[in-house]
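# Survey of secondary and tertiary structure
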Amino acid sequence: MKIIHIVRRYGPVGGSERYVWETTLELAKLGHQVQVLCEVCKVDKPAGIEVHELGEMFYRPRWLYYWRFSRRVAHWLRAHPQPGWIIHSHERVSVHDVTTIHGPPFASVRDKPWWKKISIRIAMQLFLERRELRVPTFIIPNSEIIARQLANYYPEYAHKLTAPVVPGVVPNVERSAHEVPKDGGIIGFAGKEWKRKGLSLAVEIVAQLRQQRPHLQLWVIGPEASEIEHLFARWQGGYRLLGWRKDAEHLREIDVLLHPAKAEPYGMVISEAMAASVPVVVSDACGAAAQVTVEAGEVIALSAPVVEWVNAVEHQLSRTDTPPKFVRGWDKVAQEFVSVYAQLKQEEEK
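Here goes a summary of the coordinates provided. This one's a predicted model, so the numbers in the text were calculated from it and none came from an experiment.

The first and last C-alpha atoms of helix 9 (residues 330–349) sit 29 Å apart over 20 residues, in line with the 28 Å expected at 1.5 Å per residue. Where helix 9 is concerned, the buried positions are Trp 330, Val 333, Ala 334, Phe 337, Val 338, Val 340, Tyr 341 and Leu 344. Across the axial projection of helix 9, the buried residues extend over an arc of 165°, all falling on one side. The outward face of helix 9, more than 90 degrees from its buried face, is lined by the exposed residues Gln 346 and Glu 349. Packed against the buried residues of helix 9 are strand 1 (2–6), helix 1 (15–29), strand 6 (86–89), strand 7 (98–101), strand 8 (138–141) and helix 7 (268–275).

A word on the sheet that holds strand 6. As a general point, the strands of a sheet are linked pairwise by backbone hydrogen bonds and lie either parallel or antiparallel. Taken in spatial order, the six strands of this open sheet run 5-3-1-6-7-8, and their pairing is parallel. Each edge of the sheet is formed by a strand with only one pairing partner; in this case those strands are strand 5 (49–53) and strand 8. Here the average twist between neighbouring strands, direction ignored, is 20°. Sheet topology places strand 6 next to strand 7; two bridges connect them, and they run parallel. For His 88, the partnering residue across the bridge sits in strand 7 and is Val 98. Taken strand by strand, helix 9 contacts strand 1, strand 6, strand 7 and strand 8, and its axis lies near 165° from that of strand 8.

Counting 54 residues, the largest nonpolar core has Tyr 10, Val 36, Leu 251, Ile 270 and Val 280 as its most contacted members. Ile 187, Leu 201, Leu 218 and Trp 235 belong to the second largest nonpolar core, which has 28 residues in total.

Now for the pairing of strand 1. The element strand 1 is largely enclosed, with a buried count of four among its five residues. Two strands pair when backbone bridges link them, and strand 1 and strand 6 are joined in this way by four bridges, in the parallel orientation. In the strand pairing of strand 6, His 5 is matched with His 88.

Attention now moves to the packing of aromatic side chains. Counted according to the given criterion, the structure contains 11 aromatic pairs. Judged by centre distance (5.1 Å) and plane angle (55°), the rings of Tyr 10 and Trp 21 are tilted. Of this pair, Tyr 10 sits in strand 2 (residues 9–10) while Trp 21 sits in helix 1; the two residues are 11 residues apart in sequence, bridging distant segments of the chain. Of the two residues, Tyr 10 and Trp 21, neither departs from the other in class, the shared state being buried.

Below, the discussion takes up the side chain of His 32. For His 32, the location among the structural elements is in the loop between helix 1 and strand 3 (33–38). Excluding residues that lie within four positions of it along the chain, His 32 makes contacts with Met 1, Ile 3, Leu 27 and Val 338.

Conventions we followed
Residues numbered from 1 in each chain as written. Predicted model: local features only at pLDDT ≥ 70, side-chain atom pairs only at ≥ 80, totals over all residues. Heavy atoms only, no water. Helix = DSSP H or I, 4+ residues; strand = E, 2+ residues; numbered from the N terminus. Expected span 1.5 Å × (residues − 1). Buried < 20%, exposed > 50% of the residue type's maximum accessible area, 1.4 Å probe, protein only. Arc of directions from axis to C-beta. Contact = heavy atoms within 4.5 Å. Pairing = 2+ DSSP bridges. Axes fitted to C-alpha atoms, helices over the stretch in contact; angles between N-to-C directions. Core = buried A, V, L, I, M, F, W, Y, C linked by side-chain atoms within 4.5 Å. Phe/Tyr/Trp six-rings, centres within 6.5 Å; stacked < 30°, edge-to-face > 60°.

Everything listed here is a matter of coordinates, which is why it stays silent on function.
What follows is the structure, given as C-alpha cells:
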C-alpha cells in the first residue's frame, strides 16, 4: 500500500509523535510505501521513508497555528497530487481518508457555562475538530476512553469509529525481582503535567502509607522541583524530585507506579511500567486502564475515597509475585492500521 502520514512534528519527541514515528517505521518494514508530511522533522530522516517538511510556524494562538498548518498541508497536496495514496492524518486537517485521535475531544467545552464558551478561540477549535471528524472515512481512537468520548460528543460520526488502536511499547528496562521491605518501598509517579496526572492525590496517598511504612519513598519524575516542592512542605524526607528524564532507569528501582490521573487519553508511562513488570495502580480515567489486568495491578475509580487508593497501593507493595510483562510491539499497531486501510480500499471499491 501507499500511505501518507500527516503529523506536525515528526520524530519520537512526545506521546503522539512517538506513535506516528514508530508506526511509520514499522509500516515501511512491512513493505509499504510511506511518506510523511510534517511541519518539521525532529530527527534524522529514516531510510525508506520520504519526509516532506513544510516549515516551522509560530505556535500561538494555537487555533491559528492549527489552521495555518492545515492550509499548508492542503496547498502541498494540491501542488503534489498523490493519486492512489491513502492519507492518514494525526492533526486538524481537511484532506485525509483516516484520522487518529490522540486526545480528548475539545467538544467537552460544551459542558461549561455559556460565558466560558464565547470566544473566537473556542469557535475555531470546535470548527477544526468537527472538520477533522467530518472529512475522513474512518476515525481511529487511541483508547477506549477516547472512543466513548467521541461517540458521546459527535454521535453523528460514531459510525466512522474503528476499534481503538492503542500505542505499542518497547521494553527497554530489565527489572530484577526483589522483595519490598515491610517498612519501606518506592512509589513512582511520572508526568510533567502533574496537576492533570494527579500528583496532589499521589502525595496524599503516600503520606498515609508512610504512617505504616515509615521508610516508604515517593519518586516524582517529570515536573521541575521548583513547581512541586510546596506539596512536600510538611514532609521530613521520604521523597525524591527527579525532574525530567529521557531514560526509564527509574523503572529498575520503583516498586509500584501510581498514576491517579484526572484525565489521561492513554498513559504511556503505564504501559512502559507494565512492560518492565512494575505493578501499577491507576485511575479509571486513564485510557491504558483497559490494558491493566488483575495480574498487572489495580484500576481505582477516580471518585473512590483515599483509603481505597491506600489499600490498593499497599496490596501491590505486599505482593510476592512478579507481574507478567506487558507485550505490545509497534509492529502490531502497524498491522492494525493496515487492516483499517484494507477496509478503506473495500469502501472505495463499492
